[in-house]
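So you can see what is in the structure, the chains are spelled out below.
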Amino acid sequence: MTRTPPHRTPPHKPEETPVVLPHVVITVTETGALRVTVDGTDFPPPSEAETWTRGSFGTLLDAITADRTITVRIEVRETDGTVFTDIIHARRRTPPPADAEPNEPASGRGKHTTKPRGPALAEVTADGFVPGEDVAVAIIVSHTDATGTGDARTLLDLDRLRQVLRDGTGEVVLLGRVSGTLHVRRLP
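Residues numbered from 1 in each chain as written. Predicted model: local features only at pLDDT ≥ 70, side-chain atom pairs only at ≥ 80, totals over all residues. Heavy atoms only, no water.

Novice: Which residues make up the pattern of salt bridges, and what values do they have?
Specialist: Throughout the structure, instances matching the rule amount to 3 salt bridges. In this structure, Arg54 and Glu78 form a salt bridge, with 2.5 Å as the shortest nitrogen-oxygen distance. Residue Arg54 is located in the loop between β4 (52–53) and α1 (57–64), and its partner Glu78 is located in the loop between β5 (72–77) and β6 (83–88); the two are separated by 24 residues in the primary sequence. Here Arg54 falls in the partly exposed class, since its relative accessible area comes to 34%. With relative accessibility at 16%, the residue Glu78 sits in the buried group. Between Arg153 and Glu123 there is a salt bridge, with the nearest N and O atoms lying 3.0 Å from each other. Of the two residues, Arg153 sits in strand β10 (residues 152–157) while Glu123 sits in strand β7 (residues 121–126), which places them 30 residues apart along the sequence. Of the residues examined, Arg153 reaches a relative accessible area of 46% and is grouped as partly exposed. (Salt bridge = Lys/Arg side-chain N within 4 Å of Asp/Glu carboxyl O. Helix = DSSP H or I, 4+ residues; strand = E, 2+ residues; numbered from the N terminus. Buried < 20%, exposed > 50% of the residue type's maximum accessible area, 1.4 Å probe, protein only.)

Spelled out as structure tokens, the structure:
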């Protein structure tokens, strides 16, 4: 009788699987300024002359998440007592594009390289979002952030979506994760 050794999973690196997500609490004051703490520790703006505001919300999130390389749990406490919570996910790391290998023609006389064709993009825009908020793009293929004025913009690679969208046409939904703002736009 042979005994099978127990299966063990390889150890994970700490930066891949955090035990606890950093907890960000953003409290909106009556003046519109934001008081920010990360795990109970104050998170001051880049300079003493600045204050965090709704207009700098995107910059604040980028600073806390180290340009979206860290996933955090966020809680926004409004002056009227409402509380919004969300998880701001780190963006997936995309591998660097592979260098195009040159193709050798059948004659063997020199090398022929093909210039890669760029993606066919469609721009989708909408307004009414909270400045800097995370905006979901559905068919959820990506996320974008609202600008300091509350507008959102995303570029979609139509070649990637043709399998999902009948005849290359369809609709895209932009959903504000904090405001709940919802826009449905037809792809061009």
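Let us keep going from here.
Novice: Residues and numbers for a nonpolar patch on the surface, please.
Specialist: Taken together, the side chains of Leu175, Leu182 and Val184 define a hydrophobic patch exposed on the protein surface, amounting to about 250 Å² of accessible area. Residue placement: Leu182 occurs in strand β12 (residues 182–186). Assessed through its relative accessible area of 53%, Leu182 is described here as exposed. (Patch = residues over 30% accessible without salt bridge, like charges linked within 9 Å, V, L, I, M, F, W, Y side chains within 5 Å. Areas by Shrake-Rupley, 256 points an atom, 1.4 Å probe, with all protein chains shown as cover.)

Novice: Pulling in residues and values, what's your account of the side chain of Glu75?
Specialist: Structurally, Glu75 can be placed in strand β5. Only 3.2 Å separates the side chain of Glu75 from the side chain of His23, close enough to count as a polar contact. Residues contacting Glu75, with those up to four places away along its chain left out, are His23, Val24, Val25, Ile26, Val83, Phe84 and Thr85. (Polar contact = N/O pair within 3.5 Å; in protein donor to acceptor, adjacent residues only side chain to side chain. Contact = heavy atoms within 4.5 Å.)

Novice: Which residues make up the pairing of strand β1 (residues 23–28), and what are the values?
Specialist: For β1, a buried count of 6 out of 6 residues is recorded, marking the element as mostly surrounded by other parts of the structure. The side-chain alternation of β1 yields two buried faces, one formed by His23, Val25 and Thr27 and the other by Val24, Ile26 and Val28. In terms of strand pairing, β1 meets β5 through 5 bridges, oriented parallel. Considered in β5, the bridge of Ile26 is made with Val76. Where β1 lies against strand β2 (residues 33–38), 5 bridges are found, and the strand directions are antiparallel. Paired with Ile26 across the bridge in β2 is Val36. Linking β1 back to β2 in an antiparallel pair, the connection comprises 4 residues, with Gly32 at a positive phi of about 95 degrees. (Pairing = 2+ DSSP bridges.)

Novice: Just give me the short version of the side chain of Thr65, but keep the residues and values in it.
Specialist: Within the element layout of this structure, Thr65 appears in the loop between α1 and β5. Under the relative-accessibility criterion, Thr65 is labelled buried at 0%. Of note is the side chain of Thr65, whose polar atom sits 2.7 Å from the backbone oxygen of Leu61. Sequence-distant contacts of Thr65, that is, excluding residues within four places in its chain, are made with Ile70, Val72 and Ile88.

Novice: Please set out the environment of Leu155 residue by residue, giving values where relevant.
Specialist: Turning to its location among the elements, Leu155 is positioned in strand β10. Residues Leu155 and Leu121 lie 34 residues apart in sequence; the distance between their C-alpha atoms is 6.0 Å. Contacts of Leu155, omitting those with residues within four sequence positions, involve Leu121, Ala122 and Glu123.

Novice: Explain the environment of Thr27 residue by residue, including any values.
Specialist: Residue placement: Thr27 occurs in strand β1. As for Thr27 and Gly81, which are separated by 54 residues in sequence, their C-alpha atoms are 10.0 Å apart. Look past the residues within four positions of Thr27 in its chain and what remains in contact with it is Ala33, Leu34, Arg35 and Arg77.

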